[in-house]
Amino acid sequence: MGRKVTVATCALNQWALDFEGNLQRILKSIEIAKSKGARYRLGPELEICGYGCWDHYYESDTLLHSLQVLAALLESPVTQDIICDVGMPVMHHSVRYNCRVIFLNRRILLIRPKMALANEGNYRELRWFTPWSRTRQTEEYFLPRMLQDLTKQETVPFGDAVLATRDTCIGCEICEELWTPRSPHVDMGLDGVEIFTNASGSHHVLRKAHARVELVTMATSKNGGAYLLANQKGCDGDRLYYDGCALIAVNGRVLAQGSQFSLDDVEVLTATLDLEDVRSYRAEISSRNLAASRASPYPRVKVDFALSAREDLLVPVSEPLEWKYHSPAEEISLGPACWLWDFLRRSQQAGFFLPLSGGVDSAATACLVYSMCRQVCEAVKNGNQEVLADVRTVVDQLDYTPGDPRELCGRVLTTCYMASENSSGETRERAAELAAQIGSYHIGLNIDPAVKAVVGIFSLATGKRPVFAVHGGSRRENLALQNVQARVRMVVAYLFAQLSLWARGARGGLLVLGSANVDESLLGYLTKYDCSSADINPVGGISKTDLRAFVQFCLERFQLPALQGILAAPATAELEPLADGQVSQTDEEDMGMTYADLSVYGRLRKMAKTGPYGMFCKLVSLWRDACSPRQVADKVRWFFSKYSINRHKMTTLTPAYHAESYSPDDNRFDLRPFLYNTRWPWQFRCIETQVLRLEGGGPQDLEGVD
């Protein structure tokens, strides 16, 4: 018969510039694909060098080592008798391209360059690569000598072409091309391509998975065909977590779903599909067939190889399934925890140090480490030898096998409550209770001697002694005294991270964890170089609202009753003196706005791309039932004043897990000035003009001002 084909896609935990490790993971995925009967294997975007090389793409070393890995793949017996589709940077006519290199039995069939480059948000592909703009055209690519010797080819096709095997036709898309208004799969499908492949380097954002799945299923619903999507998985060296979700779909139905979060470095999906299902599906879509009859042809690279077997009548085909999505709270419990594990094992540190304040944010961070420990124990239980080897290295014990997440947490997480005279007994107790329930090694200490010493140095030098506002001090004195406490905590955190294991007779150092959420960072509601300054921050891209939902999830899923009191308590920095032993300072009072409002401002500023005037115009309608135009104007002016005054703090934000599309991360994602005219005179005058018109009942001109 010869119409049933088995194909494989995968999610690989590649690491930027780890050519040796990347090669081994690629080979393992090909080996697994072949063992499952696949005759075509698709890998993630730029898998040979790792997607996140960034400015290393400029280096000739990156190109050279990628070619060396490709040569090793061509030479390996593992890659024989299966079409391998791998990703790497390629220089053609002195121009760098992001490419797929497709080969079979030591011969390169096609080098297909990416045609639509991702260049928004965290992506900067146009900085390093050039898109191939010559649709349905190819050129000759002269192979380097190291490849000519292996392949016995002098040139290979380079450009926009498809593969024609003995039994089907295969076409490539690369990541962003699926998201463009006119994706290549449309024209390829009209020209008879039956199997589409997409190699992605797509990172996690909360609530994003459905968009990816819907794009794939819609592509094959309208045009028929099979679609394979591969993706990178894990932390490959920076703030992003690539979230897998490899999939195989046919005619709008998903046949295979890969995990979104896991500690497996190599995950391979296979599906067996009947090509006649594609052909019969297309046969009855008359509008598609009419368009296909007028389609411009793609260059076809003929491949003397079949994906199907001659006798396949009894071969079962894969059945459709319903995609299972995680809730946002589940995504938080899994994604940042996997990112922490990659960071811990790849940084070769011995664990984490977390200042635990008894509030929601640091409690959420502690819960993420506990979730990481649960995933490590589960992976070891399921026989993951790589995870077992890594955890033995982390804890420095070659015969160690983790079984209890609490016991593992006690080895890899040190928590510390740093009390001052302004700390309440309630937060101290909540921190200690949570530490006991997750099993962390917990330290309680008092920073007052250090704070008094620092303030004493100032008083000795100036003859002045600042006091808090409640004792008659000015606003400047009040703020400075709060900041001293916060900054002393950072110094103490790093001291303990370096030496606490030494004091306990153990080897290694600890990574300091920060726990400032995305909303506080956006407003700058943090002290520069306080405990928000750390090595990494797993919650820095997550809103306060989502963090509270996540802590509630942990309370129920992980059975941590200490979280009940943490959720019920008001959020407070505890940097000002207590009033009769009770907290006198809350975060929302300090900020002058609620966390809910702050999330709205953040989304409008970044995602809706509004300035002060544009934000006012949207909110005056959105909040019309709760606020007068004057109140909306005051809120917007207050937010932009505070935001712009504190924007400089974003330049020193701790690298944080990217989870939210309105992250204010100045270093990669949210590129803006940090010295503003914080009075916003023109913009605020435009707002005032509209407020006066609205209050006077006159016509509104939202396009401009007189």
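Residues numbered from 1 in each chain as written. Predicted model: local features only at pLDDT ≥ 70, side-chain atom pairs only at ≥ 80, totals over all residues. Heavy atoms only, no water.

Enquirer: Can you explain the overall build of the chain? Please cite residues and give values.
Expert: From N to C terminus, the chain includes 23 helices and 20 strands. By residue count, 59% of the 706 residues in the chain fall in the buried class. Contacts in the chain between residues far apart in sequence, at least 24 positions, make up 73% of those at least 6 positions apart. Accessible surface, the chain as shown: approximately 28800 Å² in total, 53% of it carbon and sulfur. The positive charge centre, built from 76 side chains, and the negative charge centre, built from 83, are 2 Å apart in the chain. (Helix = DSSP H or I, 4+ residues; strand = E, 2+ residues; numbered from the N terminus. Buried < 20%, exposed > 50% of the residue type's maximum accessible area, 1.4 Å probe, protein only. Contact = heavy atoms within 4.5 Å. Areas by Shrake-Rupley, 256 points an atom, 1.4 Å probe, with all protein chains shown as cover. Lys, Arg positive; Asp, Glu negative; His and termini not counted. Charge placed at Lys NZ, Arg CZ, Asp CG, Glu CD.)

Enquirer: Any chance you could break down empty space enclosed by the protein for me, citing the residues and the numbers?
Expert: Tallying each qualifying case throughout the model produces four cavities of 30 Å³ or more. Considered as a void within the structure, the largest cavity measures approximately 110 Å³ in volume. Around the largest cavity, the lining is made up of 15 residues, and of these Arg239, Gly540, Ala656, Ser663 and Asp665 lie nearest the centre. Looking at the lining of the largest cavity, its residues break down into six nonpolar, seven polar and two charged. (1 Å grid on protein atoms, 1.4 Å probe; cavity = no way out; pocket = protein on both sides within 12 Å on 5 of 7 lines; lining within 4 Å. Points joined across faces, edges and corners; volume = space filled by probe spheres on them. Nonpolar A, V, L, I, M, F, W, Y, C, P; charged D, E, K, R; others polar.)

Enquirer: Break down the layout of surface pockets for me, with residues and values.
Expert: Space inside the second largest pocket adds up to approximately 680 Å³. Each of domain 1 (4-318) and domain 3 (594-705) gives at least three residues to the lining of the second largest pocket. (Domains from an automatic or database assignment.)

Enquirer: Give a detailed account of the packing of helix H10 (residues 360-381) against helix H12 (residues 405-412), specifying residues and quantitative values.
Expert: The geometry of H10 relative to H12 is characterised by a closest axis approach of 9 Å and an angle of 120 degrees between their N-to-C directions. By the criterion of interaxial angle, the relationship of H10 to H12 is oblique. Here the hand of the crossing between H10 and H12 comes out right-handed. Of H12, the residues touching H10 (which contributes Tyr370, Met372, Cys373, Arg374, Val376 and Cys377) are Pro405, Arg406, Leu408, Cys409 and Val412. Grouping the amino acids of the contact of H10 with H12 by side-chain chemistry returns nine nonpolar, no polar and two charged. (Axes fitted to C-alpha atoms, helices over the stretch in contact; angles between N-to-C directions. Parallel < 35°, antiparallel > 145°, perpendicular 65-115°, else oblique. Left-handed = near helix turned anticlockwise from the far one by under 90°.)

Enquirer: Describe the nonpolar core, with residues and values.
Expert: If you look at soluble globular proteins, the nonpolar side chains tend to sit buried side by side. Grouped together as the largest cluster of nonpolar side chains are 66 residues, with contacts concentrated most on Leu340, Phe352, Met372, Leu408, Leu434, Phe550 and Leu563. With 14 residues, H10 is the single largest residue contributor to this core. Three or more residues apiece are contributed to this core by two domains, here domain 1 (4-318) and domain 2 (329-591). Leu408 has contacts with Cys373, Val376, Cys377, Val391, Val395, Tyr400 and Pro402, leaving out every residue within four places of it along the chain. (Core = buried A, V, L, I, M, F, W, Y, C linked by side-chain atoms within 4.5 Å.)

Enquirer: Account for helix H11 (residues 385-395), naming residues and giving values.
Expert: Along an α-helix, residues three or four apart share an orientation, since each turn contains 3.6 residues. Those residues of H11 lying buried are Val387, Leu388, Val391, Val394 and Val395. Down the axis of H11, the sector holding all buried residues measures 125 degrees, keeping them to one side. Residues of H11 that are exposed and point over 90 degrees away from its buried face: Gln385 and Thr393. Residues of H11 that are buried sit in contact with helix H9 (328-347), H10 and H12. Between the side-chain oxygen of the N-cap and the backbone nitrogen of Glu386 there are 3.1 Å, and the N-cap of H11 in question is Asn384. (Arc of directions from axis to C-beta. Polar contact = N/O pair within 3.5 Å; in protein donor to acceptor, adjacent residues only side chain to side chain.)

Enquirer: Break down the packing of aromatic side chains for me, citing the residues and quoting the values.
Expert: Summed over all chains, the structure comprises 28 aromatic pairs. For the pair Trp323 and Tyr325, a centre-to-centre distance of 6.3 Å together with 45 degrees between the ring planes defines the contact as tilted. Put simply, the rings of Tyr601, Trp623, Phe639, Phe640, Tyr643, Tyr676, Trp680 and Phe684 pair up and form one aromatic cluster. Directly above the aromatic system of Tyr441 lies the positively charged group of Arg504, at a separation of 3.6 Å from the ring centroid. For the cation-ring pair, Lys606 lies above Phe669, with the distance from its terminal atom to the ring centre recorded as 4.5 Å. (Phe/Tyr/Trp six-rings, centres within 6.5 Å; stacked < 30°, edge-to-face > 60°. Lys NZ or Arg CZ within 6 Å of the ring centre and 35° of its normal.)

Enquirer: Outline the environment of Thr151, listing residues and values.
Expert: Along the polypeptide, Thr151 turns up in helix H4 (residues 145-151). Judged by relative accessible area, which is 3%, Thr151 ranks as buried. In this structure the C-alpha to C-alpha distance between Thr151 and Arg106, which are 45 residues apart in sequence, comes to 5.3 Å. Contacts of Thr151, omitting those with residues within four sequence positions, involve Leu74, Arg106, Arg107, Ile108 and Leu143. Within the structure, Thr151 has its side chain in polar contact with the backbone nitrogen of Gln153 (distance 3.1 Å).

Enquirer: Please set out the UniProt feature "domain: CN hydrolase" (unreviewed entry) in the chain residue by residue, giving values where relevant.
Expert: When the UniProt feature table is mapped to this numbering, "domain: CN hydrolase" (unreviewed entry) covers residues 5-275. Across residues 5-275 one finds 25% helix and 34% strand; the C-alpha atoms that close the span lie 7 Å apart. (UniProt positions renumbered as here; feature names shortened; annotations may be inferred.)

Enquirer: Tell me about the domain arrangement of the chain, residues and numbers included.
Expert: Much of the literature gives interface size as the accessible area that the parts lose upon coming together. The domain boundaries assigned to the chain delineate domain 1 (4-318), domain 2 (329-591) and domain 3 (594-705). Once you take the C-alpha centre of each, domain 1 and domain 2 turn out to be 42 Å apart. Contacts between the two partners involve 22 residues from domain 1, matched on the other side by 18 residues from domain 2. For the pair domain 1 and domain 2, the summed buried surface comes to about 1600 Å²; carbon and sulfur atoms form 57% of the total. Ranking the residues of domain 1 by area buried against domain 2 places Leu206, Phe261 and Leu263 at the top, with a combined share of 39%. Taken together, the links from domain 1 to domain 2 amount to three salt bridges. One salt bridge connects Arg345 with Asp265, and the closest N-O pair in it is separated by 3.0 Å. Where domain 1 packs against domain 2, one counts 11 residue pairs in polar contact (both at pLDDT 80 or more). (Buried area = accessible area lost by both parts, 1.4 Å probe. Salt bridge = Lys/Arg side-chain N within 4 Å of Asp/Glu carboxyl O.)

Enquirer: Describe H9, with residues and values.
Expert: Between the first and last C-alpha of H9 there are 28 Å, a value that for 20 residues agrees with the 28 Å anticipated at 1.5 Å per step. Summarising burial for H9: 17 of the 20 residues are buried, a large majority. Positive phi shows up at Gln348, right after H9, with a value of about 60 degrees. (Expected span 1.5 Å × (residues − 1).)

Enquirer: I'd like to hear about the environment of Ala461, residue by residue, with values.
Expert: Locating Ala461 in the fold gives a position in helix H14 (residues 448-462). Distance from Ala461 to Ala656, taken between C-alpha atoms, is 38 Å for residues 195 residues apart in sequence.

Enquirer: Provide a residue-level description of the packing of helix H20 (residues 595-606) against helix H22 (residues 629-646), including the pertinent values.
Expert: Describing two packed helices takes the angle between their axes plus the distance from one axis to the other. Contact geometry of H20 with H22 gives a least axis separation of 12 Å together with a crossing angle of 75 degrees. With respect to H22, the element H20 is oriented roughly perpendicular. Together, Asp597, Leu598, Tyr601 and Arg605 of H20 and Lys635, Phe639 and Tyr643 of H22 make up the contact between the two elements. Of the residues that constitute the contact of H20 with H22, the class distribution is four nonpolar, no polar and three charged.

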